[in-house]
Amino acid sequence: MSPEPGRQEPPSNLSHAAPLVDGVDVRTLPKVSLHDHLDGGLRPQTIIDLADEIDLDLPESDADALGAWFEKQSNSGSLVEYLKTFDITTAVMQTHYGLARVAREFVLDLAADGVVYGEVRWAPEQHLGRGLSLDDAVEAVQSGLEQGVADVRNGGADIRVGQLVTAMRHADRAVEIAELAVRHRDSGVVGFDIAGAEAGFPPANHRIAFDYLAENFLPVTVHAGEADGLDSIRGALFDGRALRLGHGVRLAEDITIERQDDENIYVSLGRLSQWVKDREITLELSPSSNLQTGAIAAWGDELVDHPFDLLYQLGFRVTVNTDNRLMSATTISRELALLADAFGYDLDDLETFQVNAARASFLPLEDREDLVETIADGFDEV
Ligand SMILES: [Zn+2]
């Protein structure tokens, strides 16, 4: 029995205080989610239910304890350790029912957090263990997403979602996955991504897939500048033709702080960071995740050390994302509240991040303009 659609309590591991900025509950503000992994956003109880059906052993059998286990595992500071938690989530997402249920709940949880448009990324090639084909898997996720959207609308709220189909960068199926993405572009897929171990697996390895996507005009985002540095970002832009960078946080390595006083910070930008800034290539930053995976280790180990604020103040097109809500025990509202707390942002700053995300979404131009308007209206109301 599902709770009332669109008005659900957040998963039990998200028992944080209300995310307030300027006295406003951030959950009530319209938001856009660009970087959110389907296999990183499961409800703990759903993992337990689905594991039971396939006799899969879990490290914890209680939803709260399991949620806490994911958060603890993900705090290791290593991307490789962090990625191991996905062995469990993907294991329970190998059937039509499992994929559709997770996708539906994903939409409900986004809506409960005030997200009005979300792009959901996942790697179909990791969901073929129990007989599904790539197309079956995409269709199963799409059916769950559509059910979730319908449930949210029945509950009186509104949300739109699109799929980003991901190829795993260490595997050799990117051409097949690119073709899959293009095949489903009129039935829910809005773009393509590559994910997984970044260092040692450059976008150039998948050049044929990226050429195919470019020839078919399907938008691309590439995980880059998370576990590897500037060369990886260069590869994402020039081999992958990425329109957005998945995290891209290590682009800050290309920014030199010359001097700083109380009022201003004086910097020089390398050619790469200058290009990303001038061309308004969007950075899909994920504050909590970036801390957990060690992506910002060069700058420190607390949120206040994150180069998010430097990038924002310099005029880069920054967006705020969750990456994996289960692993980081977070939501977009919580990430925004954490940033506001660390850097003193007000609601105008938060609105800028949402408008940035709306403009960078892989929707057609008119839809993006509508989205910007929805955001402006929502922020005007408070
Ligand atoms: Zn990611």
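Overview of the structure. (Residues numbered from 1 in each chain as written. Predicted model: local features only at pLDDT ≥ 70, side-chain atom pairs only at ≥ 80, totals over all residues. Heavy atoms only, no water.)

### Section: the coordination of the zinc ion
So, point 1. The protein atoms donating to the zinc ion are His35 (NE2), His37 (NE2), His223 (NE2) and Asp323 (OD), with metal-donor distances spanning 2.1 to 2.3 Å.
So, point 2. Relative to the metal, the four donor atoms surrounding the zinc ion lie at angles of 84 to 172 degrees, and the coordination shape comes out irregular.
So, point 3. Positions of the donor residues of the zinc ion, expressed as sequence spacing, correspond to H-x1-H-x185-H-x99-D. Highlighted residues: His35 in strand S3 (residues 31-37) and His223 in strand S7 (residues 220-224), separated in sequence by 188 residues. With respect to burial, His35 and His223 carry one shared label: buried. (Donors = N, O, S within 2.8 Å, 3.2 Å for Na, K, Ca; no water. Tetrahedral: all angles 85-135°; square planar, octahedral: opposite > 155°, others 65-115°. Helix = DSSP H or I, 4+ residues; strand = E, 2+ residues; numbered from the N terminus. Buried < 20%, exposed > 50% of the residue type's maximum accessible area, 1.4 Å probe, protein only.)

### Digging into the pattern of salt bridges
So, point 1. Across all of its chains, the model carries 21 salt bridges by this definition.
So, point 2. Note that Arg121 and Glu284 form a salt bridge whose closest N and O atoms lie 3.0 Å from each other. Remark: Glu284 occurs in strand S11 (residues 282-285) and Arg121 occurs in strand S4 (residues 115-122); sequence separation between them is 163 residues. Across the pair, Glu284 and Arg121 agree in class, each one buried.
So, point 3. A salt bridge links Asp231 to Arg234; the nearest nitrogen and oxygen atoms lie 2.4 Å apart. Highlighted residues: Asp231 and Arg234, both in helix H9 (residues 230-238), separated by three residues, approximately one helical turn.
So, point 4. One continuous salt-bridge network, built from bridges that share partners, spans Glu119, Arg121, Asp193, Arg244 and Glu284. (Salt bridge = Lys/Arg side-chain N within 4 Å of Asp/Glu carboxyl O.)

### Focus: the pairing of S4
So, point 1. Within S4, eight of the eight residues are buried, leaving the element largely enclosed by the surrounding structure.
So, point 2. In this structure, S4 lies alongside strand S5 (residues 160-168), joined through six bridges in parallel fashion. Within the sheet, the bridge partner assigned to Tyr117 lies in S5 and is Arg160.
So, point 3. As a crossover connection, the stretch from S4 through helix H6 (residues 134-154) into S5 is right-handed. (Pairing = 2+ DSSP bridges. Right-handed = clockwise from strand over helix to strand, strands pointing away.)

### So, the sheet that holds strand S8 (residues 244-247)
Backbone hydrogen bonds are what pair the strands of a sheet, in a parallel or an antiparallel way.
So, point 1. Pairing is parallel in the open sheet, where eight strands are placed in the order S3-S4-S5-S6-S7-S8-S11-S12. Looking at which strands have only one partner, the edges of the open sheet turn out to be S3 and strand S12 (318-320). Mean inter-strand twist for the sheet, computed between neighbouring axes without regard to direction, equals 25 degrees.
So, point 2. Of the strands in this sheet, S5 and strand S6 (189-195) touch helix H7 (residues 174-183), which is tilted by about 160 degrees from S5. (Axes fitted to C-alpha atoms, helices over the stretch in contact; angles between N-to-C directions. Contact = heavy atoms within 4.5 Å.)

### Notes on the pairing of S5
So, point 1. Most of S5 sits inside the fold, with eight of its nine residues counted as buried.
So, point 2. Of the pairings in the sheet, the one linking S5 to S6 comprises six bridges and is parallel in character. The partner of Leu164 across the bridge, within S6, is Gly191.
So, point 3. Considered for its hand, the β-α-β crossover made up of S5, H7 and S6 is right-handed.

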